[in-house]
Amino acid sequence: MKYKAGGRYEGELSRGLREGHGCLVDQDGQVYQGSFHNNRRHGRGQMAFQNGDKYDGDWVRDQRQGHGVLWCTDGSTYEGQWHSNVFSGLGTMVHCSGVVYHGMWINGHPVAQATRTVILGPEVMDVAHSSSFTLRVELQQDNGEVAESEDGRVLKISAGVRYVQLPAYSEVSFFKVDEGSQAVPIQTPFGFECIAYPLSSPTSGGPELSAAPENASTNSPLPQGDLEVTMVSNVLCDQEDTPGSLSAGGGMPRCPEDCRRVERGRAQFTDVCLGPPPPGYQPIPFLDSKQEKASSRPRGSLGPGVTTPTVHDPPAGSRPDGAAKAEPVTAAFPGEYVILLRDVTNPPFLGRALPTAFKHLRVSKGDGTAAPHSR
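(A) The overall build of the protein chain, seen in detail. What the protein chain contains, in helices and strands, is two helices and 24 strands. Looking at the protein chain as a whole, 40% of its 375 residues are labelled buried. Counting only carbon and sulfur atoms, one obtains 50% of the accessible surface of the protein chain, whose full area is about 20700 Å².

Structure representation (structure tokens):
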């Protein structure tokens with residue numbers, strides 16, 4: 001049966017209306033194969049949409065309602081409850097980014113979705129000079145509860161150093177940055193700006209990348225039907241490029257060293273350590289009171305009755321290039337730093353990345369290890 005407005009139908013009829021099993025191709029080329037009642041899609045059926053998405057599940061009066069599976073063209077899949085054509089009820093989404101959400105949905109939105117990243121511990125984290133530290137991270141909902149329904153977001157760690165230091169915590173006033181470094185100040189929530197600072201590569205301490213969890217009830221592709229219309233058969237039944245389950249195909253790529261994937265709303269970065277100042281960062285030390293007084297005197301004089309000491313040449317061989325060599329800096333100077341965690345999930349889960357999380361870090365001058373903090 002062909003329609004004047006476009007499209008055609010092949011299947012059972014009752015009093016001129018679609019009733020029972022049939023296949024409908026609408027004027028946009030979308031294909032539905034399944035049950036009809038009173039001329040509407042009603043019961044079990046499969047649909048191939050114009051944008052390439054495919055659905056297999058329950059229908060009520062031309063709307064997806066009940067239980068169903070959706071395969072999206074971007075690789076994302078959803079299996080669970082539907083109401084009025086949107087996700088509603090208990091369901092699982094495996095996003096094309098690798099994020100998996102299993103939980104309740106209302107009007108197409110996840111109920112227990114993470115809205116922020118929180119680095120646990122005290123407001124200011126104290127770390128001993130040259131020591132490594134561990135960061136424990138939670139993805140939290142608006143109500144402060146851990147978003148345990150989420151897996152797979154990718155968090156990237158980086159660091160910054162306070163642009164203008166305080167003398168109480170550091171012996172470096174600030175870093176003079178070479179013009180070629182292009183260090184852009186970063187505004188922090190702590191009332192000061194920082195510039196990017198290197199981290200030593202954190203070792204493995206977070207969830208390794210692995211295949212997304214499988215859902216036991218989605219082990220087969222859309223059923224193949226014997227259709228008389230070849231085009232319809234190709235659209236609905238050729239499932240070679242369609243996932244047979246909600247698991248991400250074959251596994252995900254491994255995270256870089258500075259990234260971690262979240263498991264059940266949590267992640268951990270271990271053995272994190274601030275590196276030495278990078279090339280182009282020249283430390284400018286604070287001047288103590290004696291140095292300030294000395295600098296105020298005329299050149300060539302160190303004060304009344306004090307003469308400028310004679311500079312003697314060093315022993316032969318101690319300075320072969322004719323210039324003093326500074327000891328290489330192997331760790332961060334004592335002072336105030338910032339740790340940043342960015343949500344770099346690509347593409348962003350449901351189109352939204354979490355805001356950047358900050359942790360205020362204070363590197364002490366002492367040699368002892370910092371006391372552990374708990375939350």
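Still more to cover.
(B) Layout of the pairing of strand β18 (residues 193-197). Note that strand β15 (residues 154-162) and β18 share four bridges and pair antiparallel. By the bridge assignment, valine 161 is partnered in β18 with isoleucine 195. By the bridge criterion, two bridges tie strand β17 (residues 186-187) to β18 in an arrangement that is antiparallel. Paired with isoleucine 186 across the bridge in β18 is cysteine 194.

(C) Layout of the environment of glutamate 171. Positionally, glutamate 171 belongs in the loop between β15 and β16 (172-177). Remark: the alpha-carbon pair of glutamate 171 and glycine 335, spanning 164 residues in sequence, is separated by 7.5 Å.

(D) Representation of the sheet that holds strand β13 (residues 133-140) in the model. Here four strands make up an open sheet; going across it, the order is β11-β13-β21-β19 and the pairing antiparallel. Since the sheet does not close on itself, it has two edges, and those belong to β11 (116-119) and β19 (199-200), each with one partner.

(E) Fine view of the pattern of salt bridges. Applying the stated rule across the entire model yields ten salt bridges. Among the salt bridges present, the one from glutamate 148 reaches arginine 264, with a minimum N-O distance of 3.2 Å. Within this pair, whereas glutamate 148 is found in the loop between β13 and β14 (150-151), its partner arginine 264 is found in the loop between β20 (259-261) and β21 (266-274), the two being separated by 116 residues in sequence. Take glutamate 148: its relative accessible area is 34%, and that puts it in the partly exposed class. A salt bridge links arginine 153 to aspartate 343; its shortest N-O distance comes to 2.9 Å. In this pair, arginine 153 is assigned in the loop between β14 and β15 and aspartate 343 in strand β23 (residues 335-343), connecting sequence segments 190 residues apart.

(F) Highlighting the nonpolar core. Counting residues in hydrophobic clusters, the biggest one holds 32 residues, and the most contacted among them are Phe133, Leu135, Phe269, Leu274, Tyr337 and Leu361. Other than its neighbours up to four places away in sequence, phenylalanine 269 contacts Phe133, Thr134, Leu135, Val137, Leu155, Ile157, Asp258, Cys259, Arg260 and Leu341. The next biggest cluster of nonpolar side chains, apart from the first, holds 18 residues, and it includes Tyr32, Leu70, Trp82 and Met93.

(G) Molecular detail of the environment of cysteine 259. Along the chain, the position of cysteine 259 falls in strand β20. The class of cysteine 259 is buried, set by a relative accessible area of 5%. Residues cysteine 259 and arginine 153, spaced 106 residues apart in sequence, show a C-alpha to C-alpha distance of 10.0 Å. With residues near it in sequence (within four places) discarded, cysteine 259 still touches Val154, Leu155, Lys156, Phe269 and Val344.

(H) Seen up close, unusual backbone geometry. Here the bond from asparagine 346 into proline 347 is cis, since omega is -5°, no more than 30 degrees from zero. Of note, proline 347 is situated in the loop between β23 and β24 (357-364). Within the chain, aspartate 62 stands out as a residue other than glycine whose phi angle is a positive 75°. Along the chain, aspartate 62 falls in the loop between β5 (54-60) and β6 (63-71). What makes aspartate 62 partly exposed here is its relative accessible area of 30%. For arginine 264, which is not glycine, the phi torsion reads 50° and is therefore positive.

(I) Quick look at a nonpolar patch on the surface. A surface patch of nonpolar side chains, about 370 Å² in accessible area, is lined by Leu90, Met104, Ile106 and Val111. Relative to the assigned elements, valine 111 resides in the loop between β10 (109-110) and β11. Using a relative accessible area of 47% as the deciding quantity, one classes valine 111 as partly exposed.

(J) Looking closely at the pairing of strand β8 (residues 86-94). Bridging between strand β7 (residues 77-83) and β8 involves six bridges; their strand directions are antiparallel. Within β8, the residue paired with glutamate 79 across the bridge is threonine 92. The turn joining β7 and β8, which pair antiparallel and follow one another in sequence, is formed by two residues; a positive phi near 55° is taken by serine 84. Where β8 and strand β9 (residues 100-106) come together, six bridges link them in antiparallel fashion. Opposite leucine 90, over in β9, you have methionine 104 as the bridge partner. What sits between the antiparallel neighbours β8 and β9 is a turn of five residues, in which glycine 98 has the positive phi angle 105°.

(K) Structural view of the side chain of aspartate 343. For aspartate 343, a relative accessible area of 10% gives the class buried. Reaching out from aspartate 343, the side chain makes a polar contact with the side chain of threonine 345 at a distance of 2.6 Å.

(L) Layout of the state of the cysteines. If you walk through the whole model with that rule in mind, you get zero disulfides. Unpaired in this structure, cysteine 72 has its nearest cysteine sulfur neighbour in cysteine 96, at a distance of 8.5 Å. Residue cysteine 72 is classed as partly exposed on the basis of its relative accessible area of 24%.

(M) Local environment of the packing of aromatic side chains. One pass over the structure, following the stated rule, counts 16 aromatic pairs. Judged by centre distance (3.9 Å) and plane angle (20°), the rings of tyrosine 78 and phenylalanine 87 are stacked. Accessibility expressed as a relative area gives 13% for phenylalanine 87, which makes it buried. An angle of 55° between the planes, with centres 6.2 Å apart, marks the rings of phenylalanine 175 and phenylalanine 333 as tilted. Here phenylalanine 175 is found in strand β16, whereas its partner phenylalanine 333 is found in the loop between α2 (289-296) and β23, with 158 residues between them in sequence. Each member of the pair, phenylalanine 175 together with phenylalanine 333, is buried. Chaining the aromatic ring pairs together yields one cluster made of Tyr9, Tyr32, Phe36, Tyr55, Trp59, Tyr78, Trp82, Phe87, Tyr101 and Trp105. It is arginine 18 that lies over the ring of tyrosine 9; its NZ or CZ is 5.8 Å from the centre. In this structure, arginine 64 is placed above the aromatic ring of tyrosine 55, and the distance from its NZ or CZ to the ring centre is 5.6 Å.

Rules used in this analysis
- Residues numbered from 1 in each chain as written.
- Predicted model: local features only at pLDDT ≥ 70, side-chain atom pairs only at ≥ 80, totals over all residues.
- Heavy atoms only, no water.
- Helix = DSSP H or I, 4+ residues; strand = E, 2+ residues; numbered from the N terminus.
- Buried < 20%, exposed > 50% of the residue type's maximum accessible area, 1.4 Å probe, protein only.
- Areas by Shrake-Rupley, 256 points an atom, 1.4 Å probe, with all protein chains shown as cover.
- Pairing = 2+ DSSP bridges.
- Salt bridge = Lys/Arg side-chain N within 4 Å of Asp/Glu carboxyl O.
- Core = buried A, V, L, I, M, F, W, Y, C linked by side-chain atoms within 4.5 Å.
- Contact = heavy atoms within 4.5 Å.
- Patch = residues over 30% accessible without salt bridge, like charges linked within 9 Å, V, L, I, M, F, W, Y side chains within 5 Å.
- Polar contact = N/O pair within 3.5 Å; in protein donor to acceptor, adjacent residues only side chain to side chain.
- Disulfide = S-S within 2.5 Å.
- Phe/Tyr/Trp six-rings, centres within 6.5 Å; stacked < 30°, edge-to-face > 60°.
- Lys NZ or Arg CZ within 6 Å of the ring centre and 35° of its normal.

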